[in-house]
Every structure is written in C-alpha cells, then in structure tokens.
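For reference, the chains in residue letters:
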Amino acid sequence: MFKPLLLVPLLPLAGFLLLVLGGRRWPRALVAVIGVGAVGLAALVASLVAGALFYMPAGMPREFTQTLWTWMNVGGFAPQMTLHLDALSCAMMLVVAWVGFLILLYSAEFMADDDGYGRFFAYMDLFVASMLVLVLAGDLLLLYLGWEGVGLCSYLLIGFWYRDPANGRAARKAFIVTRVGDAAFAVGLALLFTQLGTSAIPQIAERASTQWASGSTLATAAAALLLAGAVGKSAQLPLQVWLPDAMAGPTPTSALIHAATMVTAGVYLIARMNVLFALAPAVQLAVAIIGAATLLMASFAALVQTDIKRVLAYSTISQIGYMFLALGVGAWSAAIFHFMTHAFFKSLLFLGAGVVIMALHHEHDMRKMGGLRKELPGTFWAFLIGAASLAALPLVTAGFYSKDLVLARAWVAPTGGLWLWLAGLAGAVLTAVYTFRMVFLVFFGPVKEKPSRRPGVAIGIPLAVLATLSIVGGFIELPASLGGRPVFSDFLASALPVAAAEGIPAEGWLQAVAGLACIVGIWLAYVCFLRSPALADRMAASAVGSALRRFWFGGWGFDWAYEQFFIRPYLWIARVNKGDFIDAFYAGVAWAGRLGHTLLSQTQTGNVRWYAMGLAIGAVVFIALAVLL
Amino acid sequence: MTAIPMEHGLALAGVLFVLGLAGVLARRNIVFILMSIEIMLNAAGLAFVVAGARWAAADGQVMFFFILATAAAEVAVGLALVLQLYHRFHTVDADAASKMRG
C-alpha cells in the first residue's frame, strides 16, 4: 500500500532531469506538461499514500518506513536512504505536493512569455523534489540533503533573471545568510551523531530521551544548533534579512519557496525533532521568544512597505513567527496547522499579487495601483479571501482557526503566558492593518492604471482552489467551543506529542478577543487608508512618524547593522590582506631556496681540475675523520 | 725468497697514488691528466696485489685484472674524448673546456 511512496520525490526529480536535458529545444507546451505533470502525478501518488495512512486500521502504528539502501558506511557512520512517513511528514508532503502543483499550473501561464521557460520548470521541479526529500527523510543526513537542495533551488530561482545584477545580489545574499544557519545545523548534526551514534531520526529521538537528562548541556547545545539552522531557513530573527530581498525572483517562486514551503522547513525541523527540544526547555523558550519578537518586528516592517511583494514577504516572516511561537510553547500540532493554512492563503496572496503585477506591466509599487476591484474582479475576490484569512477574520476563514489555536495555546501553555499571548495579539492587530492596507491600496480608490491583460484558465484554477482551501482548510480543526472536533490534531497525535491541556479554559473569550483584534485592525486600515488617507499621510509626515517609517521600511536597520558589523570589517580584512602577508612566510622559504641555489651554482665552474680537487679534499677529510675518530 | 713486508708495498702504492693525484691536479694538459689517472689506478691495483700476497689469497690479483680492464675501457673513452676536445678547441688544455654547451 505504501510502496509508491518512493515515487513521490522521484517523479519531480525525473521531470527535472528531462527538462534539464531537453527543456531548451522542446516546445513550451511540452515543457509545461512535463514540468506541471510530474508534480501533479507526485501529488496524486502522495494523496494515495496519505489516504492509506489516514485509514490505517486502529491499533497498528500509523507510520511507514521505506529503507532504500545504505548511503555509505564509514567507521560506524551508516546513514540510510530512508523515507519515513508518519502523520507529520504526511501533512507536509500533501501540502508541498498539492500547493506545488497548483503554483506550477499557475506558472505555466504566468511565465509563458519568459525566455527561460524550460529552465524555470526544471528548477521548480528540482525544488519540489528536494522539498519532498526533506519532509520524507527518515535520516537526518538525508533531511540535510533536501535542506541544501531547496537552498540551492532558492538561490537559482531568486537569481532567475540573472541579467539584472541586483537579482544576483539578492540570490547571493539569501544563499549566504541561510548558510550561516546551515553551518550551525551541520555542526548540530555532527554533534548528534558523535554523541548518539546514529543519524536516523527515530533512533535519535529514542536515544536522546534515554541518554540525556532534561536540560543537560549536550541536549541544549544540540537543540540550539538545530534552532540556528531553522532560524536561517525560516527567516526568523536575527537571520531574517534575506527574505524581503528574495522577492527579486519570479512571483510563483516567491509563492512556492518563499511563502508556502521552503521557509517553513525550519518549523518542520523543530517539530520533527520535538523530543530534542522538549529535552532543552531553555532552547524551547528561546524558540517562543524568537517567534514572538519576529512576528512583531516583521508586522511593523510590513506596515510601511510600498512594494506589494515586500509586504507579503514581511508578512511571511511574521506568520512563521507565529509558528515558532506555537512550537516554543509546545503546541506542535498548532504550528503544523498554521503552516498548512498559511501555505494556502499566503500562496493565494502571492499568486493574486502576481496577477496584479503582470496586469500592470511589472509594477510592484502599491502607490501606483488602485481601483482594480472592478478591473480584475476574480483576482479581487481571491485576494480578498486570502487577505481575510491572513488577517484571521473570525469564523469564516482558515487563518482564524489556526491563529486562534496558536494564541490560545500560547495563553495556556506552562511556558507561555501573558506576554507571549499579548505579543501574538498585537501581531494579529498589525496583521489585519497591513493586510487590508494592501487590499485598500491595490483594489479600492481611484483607478490609476488600467490592467493590460487578464488572467486565463491556468491562473484562474489555482486561485479558485487556493481560495476555497483558504476558507475550508480551517474546518478540519474546529475548536471545541464551536462544537467541533480536532480532526487534524487527532491525526497528528500519532506523530507529535499532544499539547498538554486538553481543554482550553475560557476558550470562547480568547476567541472573542482574537476576533476583535482582527476587526479592530481592519477598521484601522479602513480609517487610515481608505476613508481618510490624509490621516495616514499626516502621521507619516510628522517627525516621529517619518523616522519610524524609515526605520521600519529598512527592516529595523538590520541590513544597515550587518553592513557595519560584518560586511565592512570583512571587506577591510580582505583589503588589508590584499598583499598576502600570510603568504610572506612561504615567500621567505622560496627566497632562501633561491639564495642557496645561487651560492651552490657558483661552485659549478665547469673546471675539471677544481672538481678533482674537491674530490681529493673530501677524501682526505673523510679518511682523516675515520682515522682520528 | 725473502718476502717483502707488506708495509713497504703499501707505502709504494701510497706514494704512487699521491704522485698520480698531484699530476691530475697540477697538469693542464688533458693527456697528462689521463696518464696520471692511470698511475692512480695502478697504485690501487698494487695495493690489492700486496694485500693478496700478504694473506695468500687470489682475490687481490683478481681485482687487479678488473682494474686493468676498467683502465683499458677508460682509456679508450678518454682518448676519444681527447680527440673530440682537440677537434673542437684546437688545444688539449682541460681548463679550456669549462662550459657545457651545444
């Protein structure tokens, strides 16, 4: 029943190989069929396998492990090529495969005029394959392979339009900043292997819980190193600087890699290694604090951006902050639930933004947009649903259920409490404000520029499907206060520890407050950006307002600080070392050798009698030595 | 037959060897250098023969035959070289041929 699991990552990989070999020569239709079809088939197979897992008869362990072969066997280090399917990886796999398919379908039309059509689909297929390897890996080293694979694809796709040097810079920035985290992850992997003697994930969990005491130094160090990797990949404080610049890539790339899937790999890693994090309470608290701080910081930054994609990028950082908050307070399934709904509504928003950008001749500046409600009605409704879900409009949207669950868990968890909950709540208000600022600026008000083209079927279908999912995706986890049943949590319970408190006290009140936060945010956005835009302008023009605006616009000065503290000193060292003073030692050795050569070559006069003289003197000296000593 | 003491024979060999060496170092005429080398070889051979006589072993004389053969070969090559040298430089001065070229 589970045997086809191997096909799930293999099909997109095959698509990639085909497109790499022939994508240049084949007609665009064939390229699109291969590129989209490979992922579509993978999604179908994934659904089949997931169905088998979901309807597993009770009593049997709800997991499946497929060992393919031993990767290598060096000195006791024998990582296996193992695919591991359980409820957690199953949920991730389904979201990656299906959202990936929808976004690729969208790209088939979106990228139709691009010169690099085959290249684009090849990269995207490789990305989907790597991401599926990442989520299905049963071995931490294999997970790392997928982890690096998605990082590579991210780099390739951010710099997809490589003729513009700015895009190349953004790609390098993303690659290098995430590498900082990846290096820590690699060290953590080595630490886990040397201490526990295995790299298989289930064994690591098992041995860690028996060998390490809670809060022991090794457990804390290992968890902190993995957290550093997760922070880099998921663009959390302090390594979040790369994600806003990553918007240089094509919009479908931003939707798939930099919103729905890759950036949540860090969330997956922490959820996957939950045993380790439970053993390191200090690190787990750090996860929650990083999440809370990031979500607030990114929300403020999103408030003042003018580029529509940068708003969405900061919003992504902020929403992943919510997931980290949930992970930090031990609400594992709430984090995965928010990941899922976020994948739906954020990719919907990106795809909607892509339609707008395409219709307005690649215009990214929201100040030059307006009144598109009448011009692009379908896109407007899809975008509005996505925005409502992102802002967590009560009761009708998926985002409400997941965000509410995160907030409620932050409130009740023993490690959580008032401050984390308040941070999340403030973030919820801000989310509603910046989201609806975007909606009002782009779709309401006077028409500033007529759209030049309207989306076709291949764009319409993904928008419609994702819009539907952004609404109904939340109904699989209805809170008890609304008479629902947590189907999703029950499913995940076989793979993740259940959050401590079964019932949440005063859940209705918490929901009411969260709902109110969203309404207040939307009302604020309405007042400031639609009813009286002059008010917002006046606020922005005041001394404090403009300073704050500049500060937030630049992402809280992180880029500036990194420029001062890392890039400048590094360049200075590079400049100082331009003369290679470290090489002076080796140059000295070479010089001494040359001097010796010059001296000795003086003795080679070519005069035979001198040589004979040398021989005679040498013989006399040695005989004298032999006789005397 | 009164035996000559070994010391005398060895002293003669040493004197011959030093004479030959002095010839090699002092002479500039390459033909004389070759002849001096022959004297040195014969000095070595004499030392072998004397030692062979002292211990009543044939080995010393065997070695002398080897030295004779080596000397003959050396002279054959050496004289050919001398002819070449004269052909090139129109002199038999060893110091004239101090450069490796061509």
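All residue numbers here refer to positions counted from 1 along the written sequence of the relevant chain. Each chain takes a letter, starting from A, and each ligand takes a number, starting from 1, following the order in which they are written. With the structure being a predicted model, the display of local features is reserved for residues of pLDDT at least 70 and the display and counting of side-chain atom pairs for 80 or more, all residues being used for whole-chain, interface and lining totals. The side-chain figures draw on all heavy atoms in the structure; neither hydrogens nor water molecules are used.

Engineer: Lay out the interface of chain A and chain B with the relevant residues and their values.
Structural biologist: Between chain A and chain B, the contact holds seven residues from the first and 10 residues from the second. Here, a salt bridge means any Lys or Arg side-chain nitrogen found within 4 Å of an Asp or Glu carboxyl oxygen. At the boundary of chain A with chain B, the tally comes to zero salt bridges. For the purposes of these results, a polar contact is taken to be a pair of N or O atoms within 3.5 Å, where, inside protein, one atom must be able to donate a hydrogen and its partner to accept one; residues adjacent in sequence count only when each atom of the pair is a side-chain atom. Counting across the interface, chain A meets chain B through two residue pairs in polar contact (both at pLDDT 80 or more). Here a residue-residue contact requires only that any non-hydrogen atoms of the pair lie within 4.5 Å.

Engineer: Go over the nonpolar core with me, naming the residues and quoting the values.
Structural biologist: Nonpolar side chains tend to gather and get buried jointly when the protein is soluble and globular. For this analysis, a nonpolar core means a set of buried residues of the types Ala, Val, Leu, Ile, Met, Phe, Trp, Tyr and Cys, connected via side-chain atoms within 4.5 Å. Note on exposure labels: buried denotes an accessible area under 20% of the residue type's maximum, exposed denotes more than 50%, and partly exposed covers the range between, all computed with a 1.4 Å probe on protein chains only. Residues L85, L143, L192, M273 and F277 of chain A are the most contacted members of the largest nonpolar core, which totals 214 residues. If one sorts the elements of this core by residue count, helix 15 (residues 332–359) of chain A sits on top with 20 residues. Among all residues touching L85 of chain A, those that are not within four sequence positions of it are F2, L5, V49, L53, R62, E63, F64, C90, M93 and L136 of chain A. Listed in part, the five residues of the second largest apolar core include V24, I33, M40 and A94 of chain B. The way it works is that DSSP assigns letters per residue, a run of H or I at least four long becomes a helix, a run of E at least two long becomes a strand, and they are numbered from the N terminus.

Engineer: Could you give me a rundown of unusual backbone geometry, with the residues and numbers involved?
Structural biologist: Residue and element names in this part refer to chain A. For the bond from L237 to P238, the omega torsion is -5 degrees, close enough to zero to count as cis. By the element assignment, P238 lies in the loop between helix 8 (217–233) and helix 9 (242–245). Unusually for a residue other than glycine, A235 sits at a positive phi of about 55 degrees. Tracing the chain through its elements places A235 in the loop between helix 8 and helix 9. Judged by relative accessible area, A235 falls into the buried class, the value being 0%.

Engineer: Explain the side chain of S402 of chain A to me, using residue names and the numbers behind them.
Structural biologist: Residues and elements named next belong to chain A. Tracing the backbone shows S402 in helix 18 (residues 398–412). Residue S402 is classed as buried on the basis of its relative accessible area, which comes to 0%. Side-chain polar atoms of S402 contact the backbone oxygen of G399, separated by 3.2 Å.

Engineer: Any details on the environment of R437 of chain A? Residues and values, ideally.
Structural biologist: All names here are of chain A. Relative to the helices and strands, R437 resides in helix 19 (residues 418–443). A relative accessible area of 8% places R437 in the buried class. Taking the C-alpha atoms as reference points, R437 and L530, 93 residues apart in sequence, are found 8.2 Å from one another. In this structure, R437 is in contact with A302, L303, V304, Q305, V311, M366, A525 and F529, ignoring residues within four places of it in sequence.

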